[in-house]
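# Structure assessment
In case you want the letters, here they are:
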Amino acid sequence: MKKIIYYNGDILTMEDTNLYVEAILVEDGLIKKIGNKEEILRLKDNETEIIDLEGKTLMPSFIDAHSHISGFATGLAFANLDKCRSFQDIINTLNKFKEESELAPEDWIVGFGYDNNNLKEKKNPTKEVLDKVSKDHVIFISHISGHNGSTNSKGLEYFGITKDTKDPVGGKYGRELESNEPNGYLEEAAYRKCSLKVKRPSLKQMEGLFKKAEKIYESYGITTAQDGFIRDTEFKILKHMSDVKNIEMDIIGYIDLADSKHIYYDNKDFVNKYINRFKIGGFKIFLDGSPQERTAYLTKPYEGERTYRGYPNYPGEKVVELVEEALDCKEQLLAHTNGDAAADQYLDAFKKAIKSEKYNDIYRPVMIHSQIVREDQVADMKKINMIPSYFVAHTYFWGDVHIKNLGKERAFKISPVKTTVNLGEITYTLHQDTPVILPDMVFTIWCAVNRITKSGVIIGPDERVTTIEALKAVTINAAYQYFEENIKGSIKEGKLADLIILDKNPLKVDKMDIKDIKVIETIKEGKVLYKKVSN
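Just so it is clear, the model here is predicted, and its values are computed rather than measured. (Residues numbered from 1 in each chain as written. Predicted model: local features only at pLDDT ≥ 70, side-chain atom pairs only at ≥ 80, totals over all residues. Heavy atoms only, no water.)

## Some details on the overall build of the chain
Helix and strand counts for the chain come out as 19 helices and 22 strands. Taking the principal axes of its C-alpha atoms as reference, the chain extends roughly 80 × 55 × 50 Å. Burial status across the chain gives 60% buried among its 535 residues. By sequence separation, contacts in the chain at least 24 residues apart represent 71% of the contacts at least 6 residues apart. One way to put it: in the chain the 77 positive side-chain charges average out to a point 1 Å from where the 83 negative ones average out. (Helix = DSSP H or I, 4+ residues; strand = E, 2+ residues; numbered from the N terminus. Buried < 20%, exposed > 50% of the residue type's maximum accessible area, 1.4 Å probe, protein only. Contact = heavy atoms within 4.5 Å. Lys, Arg positive; Asp, Glu negative; His and termini not counted. Charge placed at Lys NZ, Arg CZ, Asp CG, Glu CD.)

Rendered as structure tokens:
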């Protein structure tokens with residue numbers, strides 16, 4: 001029975017009744033005892049490892065409330081377009097990737113991470129741009145949001161997209177203005193349809209990429225991560241990693257309910273039960289797009305538009321059908337929901353299900369992103385025990401864009417975390433939606449507390465939360481979201497020893513300095529997964 005004692009630092013428990021303790025004893029991966037230093041040190045024996053924190057902070061490890069870890073892993077094999085600031089930058093980056101990859105004639109050129117809002121041209125690239133890289137290889141690039149992208153002429157040919165191809169429900173193909181010929185731009189459902197056909201790394205390559213992704217998550221203090229939209233491709237790698245016992249952190253996956261529910265029915269052994277650190281936690285659906293790309297489904301038009309307010313992925317009756325299907329399976333449902341009109345769809349579907357009296361439980365549904373929800377909708381979530389999970393780092397990365405797209409009044413209420421806190425008795429979480437941004441939990445906490453845009457605007461000062469309120473969202477509240485509040489999320493006797501050591505205490509530094517706090521160690525059930533290398 002391995003014993004570890006931690007003492008001589010700020011030990012932050014995240015328990016309301018006992019926020020700090022002087023020392024803890026970990027035994028066989030569990031928090032065995034908490035208390036004062038003298039009491040805990042008396043429990044040591046000759047085999048006990050004694051860890052002097054030397055004034056650093058020990059607290060529960062971070063829990064990722066929403067991301068796509070296998071998608072992040074896959075993206076590590078593609079051209080990184082994050083730093084591109086013009087079409088020419090995209091061309092140069094893809095050309096460099098092409099030269100370094102030694103491509104066979106059938107190989108694709110795939111890139112991820114450009115943001116039209118950061119480009120000089122302020123628009124999405126088309127086939128005209130991508131054809132300058134190659135007309136012989138299929139090129140497919142994805143926007144940082146994961147909601148749209150572009151392909152070249154060879155890609156349009158491969159995907160079978162012509163001027164006669166109809167737009168799918170909940171998406172569209174970009175067109176030349178006068179001829180209706182496709183211009184290579186792919187939006188929402190059109191993008192997702194094509195993305196399923198993208199050539200991906202081999203299973204052997206993916207094993208290495210997944211381990212690299214896992215290490216990146218661990219470096220940010222995460223010991224429980226999500227794979228938030230699982231189809232056959234994602235499940236294949238996750239099941240393989242489980243089968244070969246090559247996962248270190250806990251991974252919770254959510255199955256694409258609309259198109260991949262066979263995975264759920266064919267793999268019941270994984271449902272709500274970890275097998276070598278991977279389990280299926282329920283289902284996921286997409287209800288709309290992204291506010292920075294003006295595809296989130298709103299009740300009122302975007303700024304500068306007379307009538308355009310985005311569009312839904314499904315009609316309301318289809319949302320009701322999907323919600324009822326998840327409830328019939330007695331499983332948790334997550335819904336990508338950015339705009340308030342999409343939020344109305346999700347809430348109305350659950351209200352209808354509850355009113356029918358067919359269901360004894362609704363299994364803690366989660367509204368993922370909840371970007372432009374109104375206060376009355378947050379109140380409705382409280383009434384039915386729905387969890388809003390906020391992508392609050394949008395305030396920094398796209399806050400200035402939201403002010404332009406939504407106007408000041410709506411933009412200042414984006415990710416209304418403080419409104420949620422003030423309503424009381426409602427569980428909320430925060431996330432990064434990786435690979436959209438890195439899984440940097442400390443920076444997300446900084447964003448929630450400060451709400452400062454890239455240009456320095458305080459976007460919604462009334463929606464800033466305290467540091468402890470932000471910390472709860474990525475620890476104890478996130479554990480509750482996963483039905484794991486009895487084993488994770490706080491330092492409490494009997495819980496797993498999922499811990500992190502920080503160089504400073506978030507509750508004791510100036511709130512503007514929170515972003516500079518470093519993760520020193522990440523610990524899963526008493527085992528160190530990550531240790532920062534000293535300079």
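There's plenty left to go through after this.
## Concerning the layout of surface pockets
Put simply, the largest pocket is a space of about 800 Å³. Residue assignment for the lining of the largest pocket shows that the elements contributing at least two residues are α2 (69-75), β8 (109-114), β9 (139-143), α6 (189-195), α7 (203-219), β13 (222-230) and α8 (232-243). Taken together, the residues that form the lining of the largest pocket break down as 14 nonpolar, 15 polar and 8 charged. Shared between two domains, the lining of the largest pocket takes at least three residues from each, and those domains are domain 2 (78-196) and domain 3 (203-488). (1 Å grid on protein atoms, 1.4 Å probe; cavity = no way out; pocket = protein on both sides within 12 Å on 5 of 7 lines; lining within 4 Å. Points joined across faces, edges and corners; volume = space filled by probe spheres on them. Nonpolar A, V, L, I, M, F, W, Y, C, P; charged D, E, K, R; others polar. Domains from an automatic or database assignment.)

## Examining the sheet that holds strand β7 (residues 79-80)
Overall, mixed pairing links the 6 strands, which are arranged β7-β8-β9-β10-β12-β11 in an open sheet. Of all the strands in the sheet, the pair left with one neighbour each is β7 and β11 (171-175). In the sheet, β9 pairs with strand β10 (residues 148-151) via 3 bridges, with the strands oriented antiparallel. Bridge pairing in β10 links phenylalanine 140 to threonine 151. Packed on one face of the sheet, helix α3 (residues 87-101) meets β7, β8 and β9 and runs near 140° to β8. (Pairing = 2+ DSSP bridges. Axes fitted to C-alpha atoms, helices over the stretch in contact; angles between N-to-C directions.)

## Some remarks on the sheet that holds strand β18 (residues 387-390)
Taken in spatial order, the 8 strands make up an open sheet running β6-β13-β14-β15-β16-β17-β18-β19, and their pairing is parallel. The strands lining the two open edges of the sheet, one partner per strand, are β6 (62-63) and β19 (429-430). Pairing of β13 with strand β14 (residues 250-256) involves 5 bridges; the strand directions are parallel. Paired with aspartate 227 across the bridge in β14 is glycine 253. Of the strands in this sheet, β13, β14 and β15 (278-286) touch α8, which is tilted by about 145° from β13.

## Description of empty space enclosed by the protein
The rolling of a water-molecule-sized probe over the atoms marks out the regions of remaining empty space. Under the definition given, this model contains 2 cavities of 30 Å³ or more. Here the largest cavity defines a volume of roughly 70 Å³. If you go around the largest cavity, the residues you meet are Ser145, His147, Ser290, Pro291, Gln292, His336, Asn338, His369, Phe391, His394, Asp433 and Val436. Counted by class, the lining of the largest cavity contains 3 nonpolar, 8 polar and 1 charged residues. The computed volume of the second largest cavity comes to approximately 30 Å³. Together, Gly170, Glu188, Arg192, Asp288, Gly289, Thr295, Tyr311, Pro312 and Asn313 line the second largest cavity. Residue classes in the lining of the second largest cavity are distributed as 2 nonpolar, 4 polar and 3 charged. Each of domain 2 (78-196) and domain 3 (203-488) contributes no fewer than three residues to the lining of the second largest cavity.

## Re a negative patch on the surface
Taken together, the side chains of Glu128, Asp164, Glu176 and Glu181 make up a negatively charged region of the molecular surface. The residue glutamate 176 is located in the loop between β11 and β12 (182-188) in this model. Glutamate 176 gets classed as partly exposed once you look at its relative accessible area, which sits at 34%. (Patch = residues over 30% accessible without salt bridge, like charges linked within 9 Å, V, L, I, M, F, W, Y side chains within 5 Å. Areas by Shrake-Rupley, 256 points an atom, 1.4 Å probe, with all protein chains shown as cover. Salt bridge = Lys/Arg side-chain N within 4 Å of Asp/Glu carboxyl O.)

## Focus on the packing of aromatic side chains
Inspection of every chain in the model, using the stated rule, returns 21 aromatic pairs. Relative to tyrosine 217, the ring of phenylalanine 72 lies with its centre 5.9 Å away and its plane at 65°, an arrangement referred to as edge-to-face. You can see phenylalanine 72 sitting in helix α2 and its partner tyrosine 217 sitting in helix α7, a full 145 residues away along the chain. Each member of the pair, phenylalanine 72 together with tyrosine 217, is buried. Geometrically, the ring pair formed by tyrosine 346 and phenylalanine 350 is edge-to-face, given 5.2 Å between the ring centres and 90° between the ring planes. Residue tyrosine 346 and its partner phenylalanine 350 are both found in helix α11 (residues 340-355); the two are separated by 4 residues, about one turn of the helix. Taking the relative accessible area as the measure of exposure, phenylalanine 350 reaches 1% and is therefore buried. Aromatic rings pair up to connect Phe391, Tyr396, Phe397, Trp398, Phe443 and Trp446 into one cluster. Note that lysine 508 overlies the ring of tyrosine 20, its terminal NZ or CZ placed 5.6 Å from the centroid. (Phe/Tyr/Trp six-rings, centres within 6.5 Å; stacked < 30°, edge-to-face > 60°. Lys NZ or Arg CZ within 6 Å of the ring centre and 35° of its normal.)

## Points about the pattern of salt bridges
Within this structure, the stated rule accounts for 37 salt bridges. Across the salt bridge formed by glutamate 214 and lysine 211, the nearest N and O atoms sit 2.5 Å from each other. Placement of the pair is glutamate 214 and lysine 211 together in helix α7, with a separation of 3 residues, close to one helical turn. Residue glutamate 214 is classed as buried on the basis of its relative accessible area of 0%.

## Some words on the domain arrangement of the chain
The domains assigned to the chain are domain 1 (1-61 + 494-534), domain 2 (78-196) and domain 3 (203-488). Computed over C-alpha atoms, the centres of domain 1 and domain 2 are 47 Å apart.

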